[in-house]
Amino acid sequence: MSQPPVQSQALGELRVQIDALDHQLLQLLNERAKVAEKVGDIKRAEGSPFFRPDRVAQVIDKITSANPGPLKGEHVASIWREIMSACLALEAPQRVAVLGPQGTFCEQAAIEFFGSAASLIYCANFDEVFHATAAGTAQYGVVGMENSTEGVVARSLDLFLRSPVHVVGEVSLLVRHNLLRTSPGDEGIEVVMAHPQALAQCQGWLSQHLPLAERRAVASNAEGARLAATHPRWAALASERAASQFGLHIVHHAIQDEAYNRTRFAVIALPQTMATPPATGKDCTSLVVSVPNRPGAVHDLLVPLKHNGVSMTRFESRPAKSGQWEYYFYIDIEGHVSEPHVASALQALQGLCAFYKVLGSYPVSE
């Protein structure tokens with residue numbers, strides 16, 4: 001039986017210092033939490049919103065700017081986001097609808113935005129996320145919007161058309177797909193399961209390494225991982241978080257075809273839950289429009305943007321499903337609706353449209 005390592009006197013003294021500092025930190029954190037509870041009482045009496053992402057951003061920016069090191073700024077930001085999330089849970093737990101089960105990238109995006117103290121509601125698909133948010137079952141929802149490899153998440157765009165929710169924030173997440181299964185090797189894999197977007201993002205790797213395996217689309221990558229845990233010849237494309245959640249081996253890491261594979265997730269809420277966030281100087285405004293079917297109509301949409309110096313960052317079309325070859329156009333522009341040049345451009349644009357809806361004006365994810 002091996003003996004425990006001998007601890008030097010110097011190391012022992014440093015550990016005593018760390019223990020003392022930990023107790024001081026715990027005391028200060030609980031003092032902060034008590035103040036946060038008082039803030040919650042005032043907000044409750046005034047009817048003010050409990051969760052304000054602009055306030056979270058302000059606090060984190062102030063703390064990271066004052067950070068002397070040696071802790072890295074991004075690590076300090078992560079620590080403070082969790083502290084604020086835990087304190088907010090004492091004021092009023094935030095209910096957030098996400099694509100389930102546990103272990104999805106959508107869940108990861110929600111935790112990055114709200115912190116791990118948020119109360120997550122797991123939904124079978126994005127339709128349920130929109131419904132839960134619109135019905136008030138959840139105060140917020142998180143849905144996939146766009147992938148850097150495969151483009152837009154079409155279902156999310158379609159759901160925005162009729163839903164009363166709007167976008168109040170976004171998270172840009174680096175997405176790495178791993179091959180998961182119950183055993184450590186890839187021999188004998190007959191089925192690979194994942195969300196259709198993930199299967200598309202890994203099609204090159206799968207064609208080269210598992211050409212005979214069936215590619216089976218499921219509601220989410222985490223659902224694929226859950227199913228893979230039930231059968232020795234099934235595998236999934238999912239996150240490390242999903243591997244841990246369902247007790248699976250990571251057979252191959254990061255098999256997506258594009259190394260820089262990111263997905264934009266939108267944070268949605270009813271306007272009465274959260275109004276349009278204030279301008280930050282780094283904002284995006286999303287809208288959906290349709291125009292009469294006549295020559296030059298789409299070109300005319302761009303003129304108000306050009307005349308007002310507004311830059312368009314995304315332009316997507318989706319069928320209106322009317323049977324008349326009509327389309328809705330989803331547009332992202334730089335800037336906030338409260339900025340005069342943006343407001344002027346949107347006012348002129350609205351006059352050209354048969355259908356016009358601002359989906360949200362919100363800070364851009366770094």
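Per chain, the residues get numbers from 1 upward, laid out in the order the sequence is written. A pLDDT threshold of at least 70 governs which residues receive local features in this predicted model, and a stricter bar of 80 or more applies before side-chain atom pairs are shown or counted, although totals over entire chains, interfaces and linings include all residues. Side-chain metrics in this entry use all non-hydrogen atoms of the structure; hydrogen atoms and water are not considered.

Draft legend 1. Spatial organisation of the packing of helix 2 (residues 53–65) against helix 3 (residues 73–91). For helices, the fitted line uses only the C-alpha atoms of the stretch in contact; every axis is such a line through C-alpha atoms, and the angle between N-to-C directions lies from 0 to 180 degrees. Only runs of H or I of at least four residues qualify as helices and only runs of E of at least two qualify as strands under DSSP, and these elements are numbered from the N terminus. Helix 3 packs onto helix 2 with a crossing angle of 140 degrees between their chain directions and a minimal axis gap of 9 Å. It follows from the interaxial angle that helix 2 and helix 3 lie oblique. Here helix 2 runs over helix 3; the crossing is right-handed. Here helix 2 contributes R55, V56, V59, I60, I63 and T64 to the contact with helix 3, which in turn contributes G73, V76, A77, W80, R81 and M84. Amino acids are sorted into nonpolar (Ala, Val, Leu, Ile, Met, Phe, Trp, Tyr, Cys and Pro), charged (Asp, Glu, Lys and Arg) and polar (every other residue, Gly among them). Among the residues making up the contact of helix 2 with helix 3, the classes are represented as 8 nonpolar, 2 polar and 2 charged. Under this scheme an angle from 65 to 115 degrees is roughly perpendicular, one under 35 degrees roughly parallel, and one over 145 degrees roughly antiparallel; angles in between are oblique. In this scheme the handedness of a crossing depends on how the near helix is turned from the far one: anticlockwise by less than a right angle means left-handed, clockwise means right-handed. Whether two residues are in contact is decided by their heavy atoms, any of which lying within 4.5 Å being enough.

Draft legend 2. Spotlight on helix 1 (residues 9–46). Helix length check: helix 1, at 38 residues, gives a terminal C-alpha distance of 56 Å against a target of 56 Å (1.5 Å per residue), a fit within 8%. For each residue, the accessible area found with a 1.4 Å probe, counting protein chains only, is set against the maximum for its type, and the residue is called buried under 20%, exposed over 50%, and partly exposed in between. Along helix 1, the positions that sit buried rather than exposed are G12, A33, A36, G40 and K43. Close packing links the buried residues of helix 1 with helix 3. Two residues or fewer after helix 1 comes G47, characterised by a positive phi angle close to 75 degrees. Each residue after the first adds 1.5 Å to the expected span of a helix.

Draft legend 3. Highlighting the environment of Y260. As for its placement among the helices and strands, Y260 is situated in the loop between strand 10 (249–252) and strand 11 (262–269). What makes Y260 exposed here is its relative accessible area of 59%. With 91 residues separating them along the chain, Y260 and G351 place their C-alpha atoms 39 Å apart.

Draft legend 4. The pattern of salt bridges, seen in detail. The term salt bridge refers to a pairing of a side-chain nitrogen on Lys or Arg with a carboxyl oxygen on Asp or Glu at a separation within 4 Å. What the rule picks out here adds up to 15 salt bridges. One salt bridge connects E107 with R241, and the closest N-O pair in it is separated by 2.7 Å. In this pair, E107 is assigned in helix 4 (residues 105–114) and R241 in helix 10 (residues 240–246), connecting sequence segments 134 residues apart. The partner of E214 in a salt bridge is R216, with the nearest N and O atoms 3.0 Å apart. Assessed through its relative accessible area of 38%, E214 is described here as partly exposed. Through salt bridges with shared partners, a single ionic network connects E146, E170, R264, R314 and D332.

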